[in-house]
Amino acid sequence: MLNFKLILGITHSAGRLHVVDYIIISLSLLMVLYFAFRFSKKQDTTENYYIVGKKLPNWVLGLSLLATIVSSITFLAYPGAGYSGSWILLVQGIAVTVVLFAIIRFIVPLYRNAIGISAYEYFEKRFGYFARLYGALGFIAAYLSKMGTIMFLLGTALNGILGIDPLLVIWVVGILIIITTLFGGMEGIIWLDVVQVFLLIGAGLAVFFILLFSIEGGFSTILSVAKENNRIGFGSTDFNFTELTVWVMAINGVFFAIQNYGTNQLIVQRFLTAKSSRDAIRSSLMGIFLSLPLWALFMFIGTALFVYYEVNPGVLAEGTKPDAVFPIFIISELPVGITGLVIAGLIAAGFSSVTGELNSVSAVLTTDFYGRSKKARTDKQKLYFGKITVIITGSIALTIASIYTIIGSEGALGLVFLLYSIVSGGVAGMFLLGLFSTRANKQGLYIGLLACVFFTAYAVLTSTQIDGILLLDLGSWNFTHHKFMLGVYSHVIVWVVGYFASLFFKPPLVDSTLVINRSKMRRMLRIS
């Protein structure tokens, strides 16, 4: 069994970082600011600020999409899940990959032809302004809470690794994120995505090989010990929707892919930065195919961490939570330099995620609200407003992260996702309804959305407990399926109810470029 610390001749003292690690981390933060100001002079129009003037090379866009798909959650959640012995998150990843591969050739040309900057322009053209408003407000609510959550998780992780006050981490990182987004625009963010991907892959491979050579017997020992302790598995294959089974995760993954990558401004905005639809498709396929191996790598790291501490008993304190194991390993077991690289990768992943989300939220506020309210507004006014919203929404996300830290995340997160799931469900169903049915109209959609809101409110209230007491107890009528199925049902309700309700109203006049029929599907499938 190799000891990489002794081989390199440098060790950490009492769990503290070496000056070399601090230098690496500092350089990564300076690099972030470099990208902010490197492209600042080019941010003179809303098109440049939000979609880079449609001029990005294929490989850059592909890596940016990869960074957006895997996000910082990969770094934080997958090792903990792998350590716990459940690879079920990868089932969702497989479903996402398959669905994205199937739909990417359709949605890229659709958006590039139908919209300017905002994905929700499509919903207005198809179903009217209320549909656009519903999608846009849902996106803003979701990503304000998500940005706050990522900042909170990053602060918590760095607190566990470096021992720094999480509030201090949150505000330092948050201010740098706002500065980067404000000055760098989408071009700076996308190049930061590229750096993040290389740091993420480099950090992941470094940890992978260190674990592999630190465990006697290497790969075979990891597999055998993990198998003996039931630490490799995708969960139950029973066709049961009340528990987290493979089927639940797979079905959820299908609709998760459609909602998050078919109707999500964060992804759609990147489709628009390519030079052509063909380039955007090729870049998207590149990001899609690379995402699954990266998810699997960090999942395997979690499994290898379990084996490492299993064959080295007493090294890890009893009762350590799975999510804390990777940070502990980073600070206590990795050699100097590699520790700094991994922490830099973690910070870069957080930066990349939040800066992209902040720019996209600003794009939606500017395009779907400010720019639409008075069409006579100049592009300079829109750009100024967009930059102001970056500061305001970034500050709101910082406040949310601070609240999570001060009062505890569980109650706050639960309330945010409870409200969001009620008022913004069914977006994927709305997209499918508009995409595949020329008979669907706005009246039918509104009825579908109303049915979705009522169902989601019922399901959430009858399945959510506070201090062990259900918010609404209807006895045998309570919603008992797994919460992941709630998202699936909300989309299906909008899709199905919206279609049949549309039959009671006059057929709409639909622009053929906004829907996909069989001949168009066959034609698009020829694009490579």
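Section: the overall build of the chain
Within the chain one finds 21 helices and two strands. Its C-alpha atoms give the chain a radius of gyration of 23 Å, near enough to 24 Å, the size a compact globule of 528 residues would have. Seen through its C-alpha atoms, the chain measures out along the principal axes to roughly 75 × 60 × 50 Å. Within the chain, the fraction of its 528 residues that count as buried is 55%. Taking as baseline every contact in the chain between residues at least 6 positions apart, the subset at least 24 positions apart corresponds to 84%.

Remarks on the nonpolar core
Core analysis: the biggest nonpolar cluster contains 162 residues, and Tyr122, Leu305, Phe329, Met430 and Phe431 have the highest contact counts within it. Take this core: its biggest share by element is 22 residues, from helix 9 (residues 166–214). Not counting the four nearest positions on each side in its chain, Met430 is found in contact with Phe123, Phe127, Ala131, Tyr134, Gly135, Leu445, Leu449 and Val494.

Details of helix 11 (residues 246–262)
Along its 17 residues, helix 11 runs 23 Å from first to last C-alpha, staying within 8% of the 24 Å computed at 1.5 Å per residue. Counting buried positions along helix 11 gives twelve out of 17 residues, so the element sits mostly inside the fold. Among all positions of helix 11, only Val246, Val248, Met249, Asn252, Gly253, Phe255, Ala257, Ile258, Gln259, Asn260, Tyr261 and Gly262 are buried.

Notes on the packing of helix 9 against helix 16 (residues 379–407)
With their axes 10 Å apart at the nearest point, helix 9 and helix 16 run at an angle of 165° to one another. Put simply, helix 9 runs roughly antiparallel to helix 16. At the point where helix 9 passes helix 16, the crossing takes the right-handed sense. Counted together, Pro166, Leu167, Ile170, Trp171, Gly174, Ile175, Ile178, Thr181 and Leu182 of helix 9 and Lys387, Val390, Ile391, Gly394, Ser395, Leu398, Ala401, Ser402, Thr405 and Ile406 of helix 16 form the full contact between these two elements. Grouping the constituent residues of the contact of helix 9 with helix 16 by class yields twelve nonpolar, six polar and one charged.

Examining the packing of aromatic side chains
Per the counting criterion, the structure on display carries 32 aromatic pairs. Pairing Phe239 with Phe241 gives two aromatic rings, centres 5.1 Å apart and planes at 55°, and the pair type is tilted. When its relative accessible area of 18% is taken as the criterion, Phe241 is described as buried. Taken together, the ring pairs connect Tyr111, Tyr120, Tyr122, Phe123, Phe139, Tyr143 and Phe431 into an aromatic cluster. For Arg231, the ring lying beneath its charged end belongs to Phe306, and the centroid distance is 4.2 Å. In this structure, Arg377 is placed above the aromatic ring of Tyr370, and the distance from its NZ or CZ to the ring centre is 3.9 Å.

Details of a nonpolar patch on the surface
A grouping of Phe436, Ile447, Val492, Trp495, Val496, Tyr499, Phe500, Leu503, Phe504 and Phe505 is seen on the molecular surface, where their side chains present a nonpolar patch of about 910 Å² in accessible area. The biggest single contributor to the nonpolar patch is helix 20 (residues 483–502), with five residues.

Observations regarding the environment of Phe298
Examined against the element boundaries, Phe298 turns out to sit in helix 13 (residues 277–311). The residues touching Phe298, leaving out its near neighbours within four places in the chain, are Thr74, Phe75, Tyr78, Pro79, Leu200 and Gly204.

Some words on the pattern of salt bridges
In total, this model carries six salt bridges according to the counting rule given. Between Arg270 and Asp193 there is a salt bridge, and its shortest N-O distance comes to 3.0 Å. Of the two residues, Arg270 is situated in helix 12 (residues 265–271) and Asp193 in helix 9; the sequence distance between them amounts to 77 residues. No difference in accessibility class separates Arg270 from Asp193, as the two residues are buried. Members of the salt-bridge network, linked through shared partners, are Glu124, Arg132, Asp368 and Arg372.

Thresholds, definitions, all that
Residues numbered from 1 in each chain as written. Predicted model: local features only at pLDDT ≥ 70, side-chain atom pairs only at ≥ 80, totals over all residues. Heavy atoms only, no water. Helix = DSSP H or I, 4+ residues; strand = E, 2+ residues; numbered from the N terminus. Rg over C-alpha atoms; globule rule 2.2 N^0.38 Å. Buried < 20%, exposed > 50% of the residue type's maximum accessible area, 1.4 Å probe, protein only. Contact = heavy atoms within 4.5 Å. Core = buried A, V, L, I, M, F, W, Y, C linked by side-chain atoms within 4.5 Å. Expected span 1.5 Å × (residues − 1). Axes fitted to C-alpha atoms, helices over the stretch in contact; angles between N-to-C directions. Parallel < 35°, antiparallel > 145°, perpendicular 65-115°, else oblique. Left-handed = near helix turned anticlockwise from the far one by under 90°. Nonpolar A, V, L, I, M, F, W, Y, C, P; charged D, E, K, R; others polar. Phe/Tyr/Trp six-rings, centres within 6.5 Å; stacked < 30°, edge-to-face > 60°. Lys NZ or Arg CZ within 6 Å of the ring centre and 35° of its normal. Patch = residues over 30% accessible without salt bridge, like charges linked within 9 Å, V, L, I, M, F, W, Y side chains within 5 Å. Areas by Shrake-Rupley, 256 points an atom, 1.4 Å probe, with all protein chains shown as cover. Salt bridge = Lys/Arg side-chain N within 4 Å of Asp/Glu carboxyl O.

By themselves, these are just geometric observations and shouldn't be taken as functional.
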